[in-house]
Amino acid sequence: QVQLVESGGGLVQAGDSLRLSCAASGRTFSTYHMGWFRQAPGKEQEFVAAITWSGGNTYYADAVKGRFTISRDNVKSTVYLQMNSLKPEDTAVYYCAAQFFTGTYYYSEKRKYDYWGQGTQVTVSS
């Protein structure tokens, strides 16, 4: 069992930055690939970014590429999402998720993730 707790959300203006954190507890954090997803009101949950267990590979949705950066600290059992140049369309609830490392990493497939956090709200005003 892995427990995930997101933090760092808030209300910001367009162009501002935020850093989300996701603290994990339970099983060994370094055995999990980690991803960030988001869900805007009235929309499907969508993939945002992902990072492999070692931090050696990262993946991004086209909508955030060049603006968001995912990173992890396996000593602190925490994954981060640095969000720069925020836009109103980035407004959503952001969730972190953990996928146990068993080979192929289905980084954008939410159904492949084993554990989810409760989410943190990010609101970007224009």
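Presented here is an overview of the structure given in this document. (Residues numbered from 1 in each chain as written. Predicted model: local features only at pLDDT ≥ 70, side-chain atom pairs only at ≥ 80, totals over all residues. Heavy atoms only, no water.)

1. What about the state of the cysteines?
Next, step 1: All told, the structure shown has one disulfide when counted by the stated rule.
Next, step 2: For C22, the disulfide goes to C96, at an S-S distance of 1.9 Å. Every disulfide takes its handedness from the sign of the S-S torsion; for C22 and C96 that torsion is 50 degrees, giving right-handed. With C22 in strand 3 (residues 18–26) and C96 in strand 9 (residues 92–100), the pair connects residues that are 74 residues apart, well separated along the chain. (Disulfide = S-S within 2.5 Å. Helix = DSSP H or I, 4+ residues; strand = E, 2+ residues; numbered from the N terminus.)

2. Remarks on the side chain of T78
Next, step 1: Mapping T78 onto the fold places it in strand 8 (residues 78–83).
Next, step 2: The exposure class assigned to T78 is buried, which follows from its relative accessible area of 8%.
Next, step 3: Polar contacts involving the side chain of T78 include one to the main-chain carbonyl oxygen of K76, which spans 2.9 Å.
Next, step 4: Residues in contact with T78, not counting those within four places in the same chain, are S21, C22, A23, F29, S71, R72 and D73. (Buried < 20%, exposed > 50% of the residue type's maximum accessible area, 1.4 Å probe, protein only. Polar contact = N/O pair within 3.5 Å; in protein donor to acceptor, adjacent residues only side chain to side chain. Contact = heavy atoms within 4.5 Å.)

3. Quick word on the environment of S108
Next, step 1: Locating S108 in the fold gives a position in the loop between strand 9 and strand 10 (115–116).
Next, step 2: The sequence separation of S108 and V48 amounts to 60 residues, and the corresponding C-alpha distance is 8.0 Å.
Next, step 3: Among residues more than four places away in sequence, those in contact with S108 are F37 and F47.

4. What about unusual backbone geometry?
Next, step 1: Not every positive phi belongs to a glycine, and S77 is a case in point at roughly 55 degrees.
Next, step 2: Tracing the backbone through its elements, the reader meets S77 in the loop between strand 7 (68–73) and strand 8.
Next, step 3: The exposure class assigned to S77 is buried, which follows from its relative accessible area of 19%.

5. Details of the pairing of strand 9
Next, step 1: Counting buried positions along strand 9 gives seven out of nine residues, so the element sits mostly inside the fold.
Next, step 2: Bridge count for strand 9 against strand 11 (residues 120–125) is three bridges, and the pairing is antiparallel. Along strand 11, the bridge assignment pairs Y94 with T120.
Next, step 3: Relative to strand 10, strand 9 runs antiparallel, the two being bridged by two bridges. Looking across to strand 10, one finds that A97 is bridged to W116. (Pairing = 2+ DSSP bridges.)

6. Concerning the pattern of salt bridges
Next, step 1: Scanning the entire structure with this criterion turns up five salt bridges.
Next, step 2: The partner of K110 in a salt bridge is E44, and the shortest N-O contact between them spans 4.0 Å. In this pair, K110 sits in the loop between strand 9 and strand 10 while E44 sits in the loop between strand 4 (32–39) and strand 5 (46–51), placing the two residues 66 residues apart along the sequence.
Next, step 3: Residue K65 pairs with D62 through a salt bridge whose shortest N-O separation is 3.2 Å. Here K65 matches D62 in class, with each residue exposed.
Next, step 4: Taken together, the shared-partner salt bridges in this structure form one network comprising R38, E46, R67 and D90. (Salt bridge = Lys/Arg side-chain N within 4 Å of Asp/Glu carboxyl O.)

7. What about the nonpolar core?
Next, step 1: Judged by nonpolar contacts, the single largest core of 36 residues is most densely connected at L4, M34, W36, L81, M83 and Y94.
Next, step 2: Among the elements of the structure, strand 1 (2–7), strand 3, strand 4, strand 5, strand 7, strand 8, strand 9 and strand 11 are those that each provide at least two residues to this core.
Next, step 3: Contacts of L81, omitting those with residues within four sequence positions, involve L18, R19, L20, W36, V48, A49, F68, T69, I70 and Y94. (Core = buried A, V, L, I, M, F, W, Y, C linked by side-chain atoms within 4.5 Å.)

None of this, on its own, says anything about what the molecule does.
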